[in-house]
Amino acid sequence: MQKAIIGKKIGMTQIFDENGRVIPVTVVEAGPCVIVQKKTVENDGYAAVQMGYGDVKPQRLNKPMKGHFTKADVAPKKTLKEFRLENSDALNVGDVVKADTFAVGDSVDVSGTSKGKGFAGAIKRHNQHRLKETHGTGPVHRQAGSMGACSSPSRIYKGKGMPGHMGAESVTVQNLEIVKIDTENNLIAIKGAVPGPKGGIVAIVDSVKA
């Protein structure tokens, strides 16, 4: 049975296992999520469910989104994500998904938006080498270097590592282990780091390469 849930990254801490070993964990407030829409092969060409997470005031929504939640007869949600699950037929609109859908020891993939770093140079962004700081290089030792000679190829190759906007992109970390689940507070402790800042929205799904 395939599982998925939306959550909010709380932060990192460490816990001890029964052998006294320290395990670094990321705590995620997972759910409760509600099924807002169900897609079927007959109507949409594929089977999937749309989950909603986080309450939002109705006045914050536009008319199409209000109608979307009214049709499903569920309270408005801030975040919507769609999951193509093998067992999506077993889920129905209005069903609530909580942290206890997962179990300790499960292997999961966690997706989120990485921290934004702003405008970064080629050294920080692409791990390029700097130029040497001696013998007349000048004040350009952190620049990207030659971009392409005048006659050949007389253009910049596609994919050239350039300065630019770094971070704030979709990232998935695979094969992380669930170490602890607090069902009362809807918390899941995942071994290792997950993408994004504290308070960032993440999606937890069963590992595809377990």
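For the structure given in this document, a descriptive report is provided here. (Residues numbered from 1 in each chain as written. Predicted model: local features only at pLDDT ≥ 70, side-chain atom pairs only at ≥ 80, totals over all residues. Heavy atoms only, no water.)

**Side note on the side chain of Ser207**
Our working rule: Here a strand is any run of E in DSSP of at least two residues, a helix any run of H or I of at least four, and the numbering for each starts at the N terminus. N or O atoms within 3.5 Å of each other form a polar contact, as long as, within protein, one can give a hydrogen and the other can take it, and as long as residues adjacent in sequence are counted only when both atoms are side-chain atoms. Note on contacts: a residue pair qualifies if any of its non-hydrogen atoms lie within 4.5 Å across the two residues.
With respect to the element layout, Ser207 can be found in the segment after strand 12 (201-206). One polar contact links Ser207 to Ser107, side chain to side chain, over a distance of 2.9 Å. Within the structure, Ser207 has its side chain in polar contact with the backbone nitrogen of Val108 (distance 3.1 Å). With near-sequence residues (within four places) excluded, Ser207 lies in contact with Ser107, Val108, Asp109 and Asn175.

**Some thoughts on the sheet that holds strand 1 (residues 4-16)**
What counts is decided by this rule: Pairing between strands is defined by DSSP: at least two bridges between the two strands are required. Orientation is described by axes fitted as lines to C-alpha atoms, over the contacting stretch for helices, and by angles from 0 to 180 degrees between their N-to-C directions.
Sheet architecture is closed into a barrel: six strands sit in the order 1-2-11-10-7-12, paired in antiparallel fashion. On average, each strand axis in the sheet is tilted by 50° relative to the strand beside it, whichever way the strands run. Pairing of strand 10 (residues 170-182) with strand 11 (residues 187-191) involves four bridges; the strand directions are antiparallel. For Lys180, the partnering residue across the bridge sits in strand 11 and is Ala189.

**Some details on the environment of Arg84**
So the rule is basically this: Burial status follows relative accessibility: with a 1.4 Å probe on protein chains alone, a residue under 20% of its type maximum counts as buried, one over 50% as exposed, and anything between as partly exposed.
The residue Arg84 is located in the loop between strand 5 (77-83) and strand 6 (96-97) in this model. Given the relative accessible area of 60%, Arg84 is considered exposed. When the C-alpha positions of Arg84 and Val49 are compared, they lie 6.6 Å apart, and in sequence the two are 35 residues distant. Setting aside anything within four residues of it in sequence, one finds Arg84 in contact with Gln2, Tyr46, Ala47 and Ala48.

**Points about the pattern of salt bridges**
Stated formally: Salt bridges, as used here, are contacts in which a Lys or Arg side-chain nitrogen is within 4 Å of a carboxyl oxygen on Asp or Glu.
Overall, the coordinates contain six salt bridges when judged by the stated rule. Here Arg21 and Asp17 are joined by a salt bridge, their closest N and O atoms 3.0 Å apart. Given the relative accessible area of 53%, Arg21 is considered exposed. Residue Asp17 is classed as buried on the basis of its relative accessible area, which comes to 18%. What emerges from the salt-bridge pattern is a single network uniting Lys3, Asp106 and Asp206.

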